[in-house]
Amino acid sequence: MTEEAAHEHDPLALESELPSSPMTVNLGPSHPAMHGTVRLVLKLEGETIVETVPEIGFLHRGFSKSSENSTWTQVLPYTDRLNYVSPYLNNVAYVMGVEKLIGLQIPERAEYIRVLTGELSRITDHLTCIGAIGLELGAFTVFLYAIEARELLWDRIAELSGARVTVSWMRVGGCANDLPPGWGEKLLECLPRVMELTSEIDVLLTRNRIFVDRTRDIGVIGADEALDWGFTGPCLRACGVNYDVRKAHPYSVYPRMDFEVPLGSRGDTYDRYVLRLEEIRQSHKIMLQCLEQMPPGPIIVDDWRYALPPKKDVFSSIEGVMAHFKLIMEGIQVPPGEIYAYCEGANGELGFHIVSNGKGKPYTIQVRAPGFPILSALPRLIKGHAVADIIPIFDSINMIGGEVEQ
Amino acid sequence: MAQALIDLLREAHPDAVLSTPGHRGDEVAVVRRERLVEVCRFLKEDPRADLKLLAQIAAVDLLTYATEATGGAALASNEVPAYDLEHKQPVEPRYHVAYNLGSVTKKHRLRLRVELRSDDMKVPTVTGIWRTADWWERYVYDMFGVEFVGHPNLTRIMMYPEFQGFPLRKDYPVRKRQPLVPELDFPDLVRGPGPGPGGAGVPMSQTHVGRANVDPDAYD
């Protein structure tokens with residue numbers, strides 16, 4: 001008697017478990033839910049993920065090698081492209097590193113502008129992350145709200161630097177130019193709308209039954225383990241570890257700012273989402289304080305060894321022409337040394353390991369992208385979950401292909 | 001505060017620390033390679049150090065580091081090797097592996113450094129101490145060819161498996177190309193042809209990749 005025939009005569013055969021063997025499935029590299037291009041090789045037991053091998057490098061553009069062959073100022077556009085949703089923060093982290101190597105004190109107004117634009121970028125980064133979580137869990141409205149808010153801020157960024165995403169606006173020693181007249185007022189006009197949209201997102205998602213069911217207790221990681229995997233930023237704070245570079249190693253004018261570091265407790269996808277939402281509110285608070293406290297004054301150091309001279313001097317004095325020529329042709333002469341400079345990026349500690357040998361080009365720059373260690377823990381986070389849970393977990397760690405794959 | 005950390009390390013492992021060349025507020029401890037794992041475990045587990053966060057593993061190739069400004073390879077080690085700018089003698093130890101460590105409770109930082117000679121590029125792995133070292137060590141292996149002894153899966157991470165050489169070494173040409181599929185002979189109007197597979201300075205159109213695989217009329 002053949003097997004099929006046996007089933008015909010046995011009514012229980014339909015109820016019995018189907019024979020299953022592990023199946024290997026590719027997710028990505030080119031998949032709408034894989035932000036950037038990362039490939040996950042999943043080993044599935046039915047719907048359950050048994051093993052994952054992430055494969056990265058599809059977006060590798062040789063950031064370090066290119067940087068070694070450009071002047072210190074020419075590296076700035078490369079840093080924009082590391083994390084293209086919060087480019088100001090990348091700019092700031094890099095120029096802070098170069099300034100640390102030089103030992104340069106920058107004008108107070110420039111510090112305020114850096115904190116202001118940095119927090120602006122943090123909001124756009126978090127909005128992108130939250131919007132994507134909503135979008136991929138079926139809440140399209142959330143995505144539209146997040147994008148509307150983000151566009152308002154990107155318009156302000158465009159008015160500042162002329163570019164929406166790839167700003168390259170910071171300079172060693174300060175910023176490229178001052179805030180345009182009336183820019184602060186414009187920002188103050190659009191911020192209430194941004195916060196209103198953030199509240200709308202909050203109302204739509206935070207107590208939404210479907211959303212909570214999809215994210216609560218999904219992708220849980222404990223505090224010790226998260227630290228072991230090198231988590232920083234919102235993903236680490238969602239586990240309850242109070243570590244924020246802005247508070248732990250205060251830089252720039254952050255010590256003067258009054259803000260709180262929100263903490264989670266469970267370390268799951270839901271906590272990571274709520275934390276980002278709360279950080280938007282804190283960033284908003286910091287921005288308002290910046291606008292209030294910002295003093296008038298110069299926005300870049302008056303030292304022609306590091307900063308370009310004003311055009312007036314370039315066109316009217318030989319010293320100005322010389323300084324301009326030297327800076328453009330040879331680059332900033334950064335004293336030799338090796339440093340690791342870090343600041344709080346939108347996704348965690350963003351660091352640059354920089355070595356200079358006293359020439360106009362960096363000797364070595366290696367970036368510590370916050371997403372890199374977090375992505376390496378993705379197999380751990382999604383293990384044992386269903387395939388459908390990959391999407392909210394992957395969204396909540398907010399991997400940015402540009403910085404992870406350099 | 002971080003100086004206290006170095007004192008602590010010197011006290012606990014007096015023979016493991018070779019020197020402490022800190023710079024601009026960064027505390028650095030140059031550690032003997034054989035003692036690296038021991039030192040790392042001590043720094044992570046001792047409550048006074050509590051360096052639970054391995055932020056980054058980076059590496060430096062010192063081949064062209066020496067300039068008039070640096071006066072020989074001063075970053076390389078305590079004793080400055082004789083270095084002739086004219087004749088480009090090899091620098092030894094040529095490589096550094098730098099471990100940027102941090103503590104989230106004590107709020108201090110430390111960088112460990114291991115120095116490597118180019119004929120013996122082996123470092124014991126620290127994946128048993130920090131899980132995050134897995135990918136960082138793969139990154140350093142991929143870019144510099146440093147072999148991490150005991151690493152569970154030491155394969156390339158950014159580059160493809162067929163890639164030859166290590167791109168961040170200083171003797172790897174910046175415009176060297178290693179395409180997996182033959183490149184089209186498409187002129188670079190701005191920079192001219194790069195050093196193609198035929199060797200440095202050979203125009204792409206004259207290499208075996210350039211013409212043989214492409215229809216000559218395609219781009220003319």
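The preceding data block contains the structure.
Every value quoted in this text rests on a predicted model; they were computed, and no experiment measured them.

Caption draft 1: Molecular detail of the interface of chain A and chain B. Counting from both sides, the interface comprises 50 residues of chain A and, opposite them, 49 residues of chain B. Counting across the chain A and chain B interface gives 6 salt bridges. R109(B) is paired through a salt bridge with E349(A); the nearest N and O atoms lie 2.6 Å apart. Residue assignment for the side of chain A that touches chain B shows that the elements contributing at least two residues are helix 2 (63–68), helix 4 (87–102), helix 9 (223–228), strand 6 (337–344), strand 7 (349–356), strand 8 (364–368) and helix 15 (371–376) of chain A. Ranked by residue count, the leading element in the side of chain A that touches chain B is strand 6 of chain A, at 5 residues. Split into classes, the residues belonging to the side of chain A that touches chain B amount to 23 nonpolar, 18 polar and 9 charged.

Caption draft 2: Quick peek at unusual backbone geometry. Phi is positive for N398(A), which is not a glycine, with a value near 50°. With respect to the helices and strands, N398(A) occurs in the loop between helix 17 (387–397) and helix 18 (401–404). With phi around 55°, K107(B) is a residue other than glycine that occupies positive phi space. Among the secondary structure elements, K107(B) is positioned in the loop between strand 4 (95–102) and strand 5 (109–116).

Caption draft 3: Spotlight on the side chain of N83(A). Residue and element names in this part refer to chain A. In this structure, N83 sits in the loop between helix 3 (76–80) and helix 4. Relative accessible area serves as the criterion here: at 2%, N83 is assigned to the buried category. In this structure the side chain of N83 is engaged in a polar contact, spanning 3.2 Å, whose partner is the side chain of S86. Side chain to side chain, N83 and D125 meet in a polar contact 3.3 Å long. Once residues within four sequence positions are removed from consideration, N83 is found in contact with N90, D125, N347, I400 and E403.

Caption draft 4: Quick peek at the sheet that holds strand 6 of chain A. All names here are of chain A. Here we have 3 strands laid out as an open sheet, ordered 6-7-8, and antiparallel in their pairing. The outermost strands of the open sheet, each flanked by one partner alone, are strand 6 and strand 8. Going from strand to strand, the sheet's axes swing by 15° on average, the running direction of each strand aside.

Caption draft 5: Spotlight on the pattern of salt bridges. Within this structure, the stated rule accounts for 42 salt bridges over all chains. We note a salt bridge from K100(A) to D26(B), for which the minimum N-O separation is 2.6 Å. Separated into two different chains, K100(A) in helix 4 and D26(B) in the loop between strand 1 (17–19) and strand 2 (28–31) make up a pair that spans both. The exposure class of K100(A) is partly exposed, given its relative accessible area of 24%. By relative accessible area, D26(B) is classed as buried at 10%. Between R237(A) and E279(A) there is a salt bridge, and its shortest N-O distance comes to 2.4 Å. Note that R237(A) is positioned in helix 10 (residues 234–237) and E279(A) in helix 12 (residues 269–293), a separation of 42 residues in sequence.

Caption draft 6: Expanded view of helix 17 of chain A. Residue and element names in this part refer to chain A. Across the 11 residues that make up helix 17, a large majority, 9, are buried. Looking only at helix 17, the buried set comprises D389, I390, I391, P392, I393, F394, D395, S396 and I397. At the exit of helix 17 stands N398, carrying a positive phi of roughly 50°.

Criteria and cut-off values
- Residues numbered from 1 in each chain as written.
- Chains lettered and ligands numbered in written order.
- Predicted model: local features only at pLDDT ≥ 70, side-chain atom pairs only at ≥ 80, totals over all residues.
- Heavy atoms only, no water.
- Contact = heavy atoms within 4.5 Å.
- Salt bridge = Lys/Arg side-chain N within 4 Å of Asp/Glu carboxyl O.
- Helix = DSSP H or I, 4+ residues; strand = E, 2+ residues; numbered from the N terminus.
- Nonpolar A, V, L, I, M, F, W, Y, C, P; charged D, E, K, R; others polar.
- Buried < 20%, exposed > 50% of the residue type's maximum accessible area, 1.4 Å probe, protein only.
- Polar contact = N/O pair within 3.5 Å; in protein donor to acceptor, adjacent residues only side chain to side chain.
- Pairing = 2+ DSSP bridges.
- Axes fitted to C-alpha atoms, helices over the stretch in contact; angles between N-to-C directions.

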